[in-house]
Amino acid sequence: MLCSAVILASTMISYLSTASVRQVEPRDQPSVLSFGLLLDEFGSVVRNRDFCRLIGVKFAQLMGMQTTIAAFAYFVVQSLGRTFDIFVLFGLVSSASTIISAPLLVRFSKKYGKKAAYYIAAGLNVVYALSWSLASDPEPLGAIALRAAIVGVALTGNVVMAMSMLTDVINDDAKRSGVRREGAFTAIYSFVEKLTGAIGPLIVGVALSIAGFDTSLAIETSQDARVETALLMSVSWLPALFGLIAIWLLSGYKLDEASLTQTERTFDNEQISQ
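Conventions adopted
- Residues numbered from 1 in each chain as written.
- Predicted model: local features only at pLDDT ≥ 70, side-chain atom pairs only at ≥ 80, totals over all residues.
- Heavy atoms only, no water.
- Helix = DSSP H or I, 4+ residues; strand = E, 2+ residues; numbered from the N terminus.
- Buried < 20%, exposed > 50% of the residue type's maximum accessible area, 1.4 Å probe, protein only.
- Contact = heavy atoms within 4.5 Å.
- Areas by Shrake-Rupley, 256 points an atom, 1.4 Å probe, with all protein chains shown as cover.
- Lys, Arg positive; Asp, Glu negative; His and termini not counted.
- Charge placed at Lys NZ, Arg CZ, Asp CG, Glu CD.
- Polar contact = N/O pair within 3.5 Å; in protein donor to acceptor, adjacent residues only side chain to side chain.
- Axes fitted to C-alpha atoms, helices over the stretch in contact; angles between N-to-C directions.
- Parallel < 35°, antiparallel > 145°, perpendicular 65-115°, else oblique.
- Left-handed = near helix turned anticlockwise from the far one by under 90°.
- Nonpolar A, V, L, I, M, F, W, Y, C, P; charged D, E, K, R; others polar.
- pLDDT = per-residue confidence, 0-100.
- Salt bridge = Lys/Arg side-chain N within 4 Å of Asp/Glu carboxyl O.
- Phe/Tyr/Trp six-rings, centres within 6.5 Å; stacked < 30°, edge-to-face > 60°.
- Lys NZ or Arg CZ within 6 Å of the ring centre and 35° of its normal.
- Core = buried A, V, L, I, M, F, W, Y, C linked by side-chain atoms within 4.5 Å.

**Some words on the overall build of the protein**
Item 1. Counting secondary structure elements, the protein contains 9 helices and 0 strands.
Item 2. N-terminal to C-terminal, the α/β element order of the protein is α-α-α-α-α-α-α-α-α.
Item 3. Principal axes of the C-alpha set define a box for the protein whose edges measure 75 × 45 × 40 Å.
Item 4. Taken over 274 residues, the protein has a buried fraction of 36%.
Item 5. Look at the contacts in the protein between residues 6 or more apart in sequence, and 80% of them connect residues 24 or more apart.
Item 6. When the accessible area of the protein is evaluated, it comes to approximately 16000 Å², of which 66% is carbon and sulfur surface.
Item 7. Of the charged side chains in the protein, 21 are positive and 22 negative; the average position of the first set lies 7 Å away from that of the second.

**Regarding the side chain of serine 44**
Item 1. When you line up the elements, serine 44 lands in helix H2 (residues 35-46).
Item 2. Among the polar contacts listed, one links the side chain of serine 44 to the side chain of arginine 181, at a separation of 3.5 Å.

**Focus on the packing of helix H3 (residues 49-78) against helix H8 (residues 225-250)**
Item 1. Interaxial distance between H3 and H8 falls to 8 Å at its minimum, and their mutual angle equals 165°. With respect to H8, the axis of H3 lies roughly antiparallel. Note that H3 runs across H8; the crossing there is left-handed.
Item 2. When grouped by side-chain class, the residues that make up the contact of H3 with H8 number 18 nonpolar, 7 polar and 2 charged.

**Description of the confidence of the model for the protein**
Item 1. Here the protein shows a mean pLDDT of 88. Residues at 70 or above account for 91%.
Item 2. The element-level mean pLDDT for the protein is lowest in helix H9 (residues 257-273), coming to 64, with helix H5 (residues 114-131) highest at 95.

**Some thoughts on the pattern of salt bridges**
Any two side chains of opposite charge can pair, so long as their charged atoms come close to each other.
Item 1. One pass over the structure, following the stated rule, counts 6 salt bridges.
Item 2. Among the ionic pairs, glutamate 139 bridges to arginine 147, the shortest N-O distance being 2.7 Å.
Item 3. A residue is classified by how much of its surface remains accessible, and glutamate 139, at 4% relative accessible area, is buried.
Item 4. Between arginine 226 and aspartate 224 there is a salt bridge, and its shortest N-O distance comes to 3.3 Å.
Item 5. Judged by its relative accessible area of 40%, aspartate 224 is partly exposed.

**Digging into the packing of aromatic side chains**
Item 1. Scanning all chains against the criterion turns up 9 aromatic pairs.
Item 2. Centroid distance phenylalanine 75 to tryptophan 132: 5.6 Å. Interplanar angle 80°. Geometry classified as edge-to-face. Of this pair, phenylalanine 75 sits in helix H3 while tryptophan 132 is found in the loop between H5 and helix H6 (141-177), placing the two residues 57 residues apart along the sequence. Like tryptophan 132, phenylalanine 75 is buried.
Item 3. The interplanar angle of 40° and the centroid separation of 5.9 Å between the aromatic rings of phenylalanine 84 and phenylalanine 87 together place this pair among those described as tilted.
Item 4. By way of ring pairs, the aromatic residues Phe72, Phe75, Phe84, Phe87, Phe90, Tyr128 and Trp132 are connected into one cluster.
Item 5. Geometry around tryptophan 248 places arginine 53 over its ring, the cationic atom sitting 5.8 Å from the centre.
Item 6. The side chain of arginine 147 reaches across the aromatic face of tryptophan 132, ending 4.3 Å from its centre.

**Quick notes on unusual backbone geometry**
Item 1. Residue proline 138 follows aspartate 137 across a cis peptide bond; omega there is 0°.
Item 2. Tracing the backbone shows proline 138 in the loop between H5 and H6.

**A closer look at the side chain of aspartate 50**
Item 1. Relative to the helices and strands, aspartate 50 resides in helix H3.
Item 2. For the buried aspartate 50, no salt bridge is present, and the opposite-charge side chain at shortest range is arginine 176, 6.7 Å distant.
Item 3. Ignoring anything within four residues of it in the chain, the contact list for aspartate 50 reads Val169, Tyr253, Lys254 and Leu255.

**A short note on the nonpolar core**
One recurring pattern in soluble globular proteins is that nonpolar side chains are buried together.
Item 1. Among the nonpolar cores identified, the biggest contains 24 residues, and Phe51 and Tyr118 are the most heavily contacted of them.
Item 2. Contributing elements (two or more residues each) for this core: H3, H5, H6, helix H7 (182-211) and H8.
Item 3. By residue number, the principal contributor to this core is H6, which donates 6 residues.
Item 4. Those residues in contact with tyrosine 118, other than ones at most four positions away along the chain, are Leu54, Val57, Lys58, Gln61, Gly157, Asn158, Met161, Ala162, Met165 and Leu250.

Here it is as structure tokens:
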């Protein structure tokens, strides 16, 4: 109920604060929405190379995150020798790390570029994932807290930089084409988020089934060594692999601040000439 109240308040504030904003009627807007129009919009979006690169980065990162989430509770108990109480420490440290690192990453991105800040976040994500391969039973609290601090920075950078770069892609596309396609871009972006939320747990489920995971046993009951290997694969090896793929895809993203400035100047010159 508290969350519902916050959501309602946020929605009404957004609505009321934009009620007096000037409305601009779109030019050449078809009166009837057709399947052909939807395909045309989709085609225009997927032909945007920078968007495809960015959505590929997000897909890879989210796949790693989803496999981790699906297996982490079992991994904490089976491989780290800890109880669910550790999630309180992990959540507090990662949240504090997120709050502290967000403005620092934004400041860094303004000085060195969003892509550079994204590289740092993506690299930390790979380091975080691989570090679980060095974990022992029982894993010291300090080591778990350090990982929580690292992943807080990594996830903050991954979210903030990706959303900021998505905005750049949308604005650049609008300047070049004269058409606003926020809906098409964000629809695909959201679809990828939901898609990885389905595929990630499926991969973990299949891996645990092959390893012989016995669902009838209590979660704290030790299982076959193959199960521990499957858990380690889900929270460490696969996320690290997906993280490296994300870094490789990010290297092909070309829409930097200079490109955006050039597009803006070209658009302004066209407006003046008209």
